[in-house]
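# Fold and contact review
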Amino acid sequence: PEEPVTGSFASFIQAARPEHLSQTVRQRSKRMILDSIGVGLVGSTTPVFDIALRYCRELYSSVAVSSVYGKPGVKLSPTLAAFTNGVATHSMDFDDTWHPATHPSGAVLPALLAASQMLPPSTKPSGLEFLLAFNVGLEVQGRLMHFSTEAHDIPKRFHPPSVVGTLGSAAAAAKLLSLSSAQCCHALGIAASLAGAPMANAATQAKPLHVGNATRLGLEAALLAARGMEANPLILDDIPGCSGFSAFYSVYHPKPLSAPGEHHEFLLEKQDIAFKRFPAHLGMHWVVDAALSVRNLFVNYAGSFSPSLIRSIVLRIPVSKYINRPFPSSEHQARHSFQFNACAALLDGEVGLGSFSESSIQRQELRELLDKVVVEHPEDNVANFDKMYGEVALLLHSGDVLTGKCDTFYGHWRKPLSKESLLKKFRSNASHVLPEEKIEAIITLVDNLENLSDSSQL
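What you see is a predicted model, and the numbers here were worked out from it, not measured in a lab.

## A few points about the sheet that holds strand β5 (residues 390-396)
Read across the open sheet, the 4 strands follow the order β4-β3-β5-β6; overall the sheet is mixed. Pairing within the sheet leaves two strands with one partner each, and these edge strands are β4 (373-376) and β6 (401-406). Within the sheet, the average angular offset between the axes of one strand and its neighbour, ignoring direction, is 20 degrees. Across the face of the sheet, helix α13 (residues 338-348) comes into contact with β3 (310-316), β4 and β5 while running at roughly 130 degrees to β3.

## What about the UniProt feature "domain: MmgE/PrpD C-terminal" (unreviewed entry) in the protein?
When the UniProt feature table is mapped onto this chain numbering, "domain: MmgE/PrpD C-terminal" (unreviewed entry) sits at residues 278-450. The distance from the first to the last C-alpha atom of residues 278-450 is 30 Å, and the span holds 40% helix and 14% strand.

## Points about the side chain of Arg 363
Relative to the helices and strands, Arg 363 is located in the loop between α14 (358-361) and α15 (364-370). The exposure class assigned to Arg 363 is buried, which follows from its relative accessible area of 19%.

## Some details on the pattern of salt bridges
Following the criterion strictly, the structure yields 15 salt bridges and no others. We note a salt bridge from Glu 220 to Arg 216, for which the minimum N-O separation is 2.9 Å. You can see Glu 220 and its partner Arg 216 sitting in helix α9 (residues 207-226), 4 residues apart, about one turn around the helix. Take Arg 216: its relative accessible area is 13%, and that puts it in the buried class. Each of the salt bridges in this network shares a partner with another, and the network as a whole consists of Asp 93, Lys 207 and Lys 276.

## Structural notes on the nonpolar core
Phe 9, Ile 33, Ile 37, Leu 144, Leu 167, Leu 236 and Phe 245 are the most contacted members of the largest nonpolar core, which totals 98 residues. Broken down by element, this core gets its largest block of residues, 10 residues, from helix α6 (residues 127-145). Leave out the neighbours within four places in its chain, and Ile 37 touches Tyr 69, Leu 109, Phe 426, Ile 442, Val 446 and Leu 458. By size, the runner-up hydrophobic cluster in this structure holds 49 residues, among which are Phe 338, Val 351, Leu 394 and Leu 396.

## So, the domain arrangement of the protein
By the assigned domains, the protein splits into domain 1 (5-277 + 416-457) and domain 2 (282-406). Across the contact, 24 residues belong to domain 1 and 19 residues belong to domain 2. Approximately 1,800 Å² of surface area, both sides summed, lies buried where domain 1 meets domain 2, with 63% of it carried by carbon and sulfur atoms. Its largest share of buried area at the contact with domain 2, domain 1 owes to Ile 154, Ala 203 and Arg 277, together 36% of the area lost on that side.

## Observations concerning the pairing of β3
Among the 7 residues in β3, 5 count as buried, and that is most of the element. Examined bridge by bridge, β3 and β5 share 6 bridges and lie antiparallel to one another. Opposite Arg 316, over in β5, you have Glu 391 as the bridge partner. Taken together, the 4 bridges between β3 and β4 define a ladder with parallel strand orientation.

## Digging into the environment of Pro 233
For Pro 233, the location among the structural elements is in the loop between α9 and α10 (267-270). Excluding residues that lie within four positions of it along the chain, Pro 233 makes contacts with Thr 6, Gly 7 and Cys 185.

Rules used in this analysis
Residues numbered from 1 in each chain as written. Predicted model: local features only at pLDDT ≥ 70, side-chain atom pairs only at ≥ 80, totals over all residues. Heavy atoms only, no water. Pairing = 2+ DSSP bridges. Helix = DSSP H or I, 4+ residues; strand = E, 2+ residues; numbered from the N terminus. Axes fitted to C-alpha atoms, helices over the stretch in contact; angles between N-to-C directions. Contact = heavy atoms within 4.5 Å. UniProt positions renumbered as here; feature names shortened; annotations may be inferred. Buried < 20%, exposed > 50% of the residue type's maximum accessible area, 1.4 Å probe, protein only. Salt bridge = Lys/Arg side-chain N within 4 Å of Asp/Glu carboxyl O. Core = buried A, V, L, I, M, F, W, Y, C linked by side-chain atoms within 4.5 Å. Domains from an automatic or database assignment. Buried area = accessible area lost by both parts, 1.4 Å probe.

Spelled out as C-alpha cells, the structure:
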C-alpha cells in the first residue's frame with residue numbers, strides 16, 4: 001500500500017543526507033542564513049524584542065546555554081532563545097519571504113542555533129549537518145504550502161509562518177537531533193497542535209510573536225518527541241471526517257514526499273527566495289519601486305519633487321485588507337500600508353530603517369500626500385506574490401498624468417539581490433550591534449559553513 005503522507009514526510013526527514021543538497025541549494029540557503037542573522041541582529045534593537053527578552057528573563061528560570069541576538073553574555077534556555085531570536089527576526093518585517101507566502105528562515109534558523117548550543121560537545125552538529133537540517137525545514141514548509149491553492153495568495157485567515165513554520169522548525173530540529181522516522185512523525189503531529197495565529201494581529205507588536213512561537217514551538221515539538229511523546233501519525237493526511245493539518249485549509253490535497261536522492265528536487269532548487277531591501281511587508285516593495293520610478297519622471301518633468309503640483313496619487317494594487325491602511329499611526333501599521341510606503345518613497349526618494357520612526361510617520365508633508373491617495377484594484381492585479389504588480393500614477397493639476405509600474409522588484413526571486421547587495425544589507429543590519437571584525441567573521445563562517453566542524457560557533 002502507498003505510504004501515508006505523514007509517514008513519507010517523516011521518512012524524508014530521517015533519510016535526507018548532505019549529498020542530496022545541490023550546489024544551488026547550498027548557496028541559496030547560505031544567503032538566507034546570512035540575511036536572517038543580519039535581520040535578527042538589527043531586530044534586537046527594537047522595542048518588541050526588548051519586551052520578549054524581558055518576558056523570558058523575568059518569568060522563566062532556565063538552563064541558560066543558548067545565545068540571544070545582539071546581547072553579548074546573555075543566555076537563555078534553548079526554547080526561549082529560539083523564541084526571542086524569532087521575535088527579533090520578524091520585529092521589523094525585514095526577513096525573507098517565499099512563494100507560496102511565508103517567512104521560512106525566521107521559523108527555522110533560531111531553533112537550530114539554539115539547539116546546536118544545547119547539545120553536548122561530543123554530539124555538536126557540523127556546519128554541513130546544520131545546513132542540511134535548515135534545508136529540511138525549508139522543504140517541509142514549501143511542500144505543505146503546495147497542498148492547497150489557498151496558500152498561493154496573500155493570506156487572509158492565518159499568518160503562514162505560524163502554521164507551516166512551526167512544522168518546518170519541528171522537522172529541522174528533528175533532523176538536527178537525529179530523531180528516528182517514528183519520532184519525526186510524532187514531532188510533526190505535536191507541532192500541528194501548537195500551530196496557528198490569526199491575521200488580525202498583523203501590523204501590531206504581536207505579529208513578530210508568530211515567528212518567535214513557530215521556531216520555539218517547533219523545537220519543543222521535536223524535544224517532546226525525542227522524549228517519547230506521541231501524536232497522530234497521520235496528521236498531514238487527508239482523513240475524511242477528521243481534520244489534521246487540513247484544519248488550516250478548506251481546500252487540501254496532500255501528496256507523499258519522495259525520498260531524497262536522484263528523483264527528489266528540493267523546492268529551493270526550483271525557486272529562489274525574496275530578500276527585502278527595506279523593513280516592510282513584501283507587498284510594499286512593488287509600490288515603492290513604482291513610486292520611485294514615477295518620482296524620477298516627475299523630477300524630470302518639474303525640475304524637483306513639488307507635492308503642490310499633484311492633484312491626486314492613484315495606487316493600483318491588489319485587494320488585501322490588512323495592508324490597505326490609508327493613515328497608519330504606528331511603525332507596525334506603516335510597515336503594512338501601501339499608502340504610506342508609496343508616499344514615503346515619493347517624498348524622500350527612498351525607504352529605509354528611518355522611514356518608520358514616529359517622527360517620520362507624523363510628518364505634516366507626508367500626511368498631506370496621504371490625503372491625496374486614491375486606491376484602485378484592477379481585476380488583473382491579483383493578491384499573489386508571484387503575479388501581482390504595483391502601479392503609482394500622479395494626476396497633476398496641469399492635467400498631465402505620470403505613471404510608474406513595477407512587475408518585479410529588485411530582491412524578488414525572479415530578480416534576486418546580487419551578492420554585493422546582500423552583503424551590504426547584512427553589514428548595515430549587523431553594524432547596529434556588532435563591531436566590524438565580528439561582522440566579517442560571521443560572513444566568513446556562513447560562507448564556509450560546510451567546512452565548519454562545530455555549527456554552534458555561529
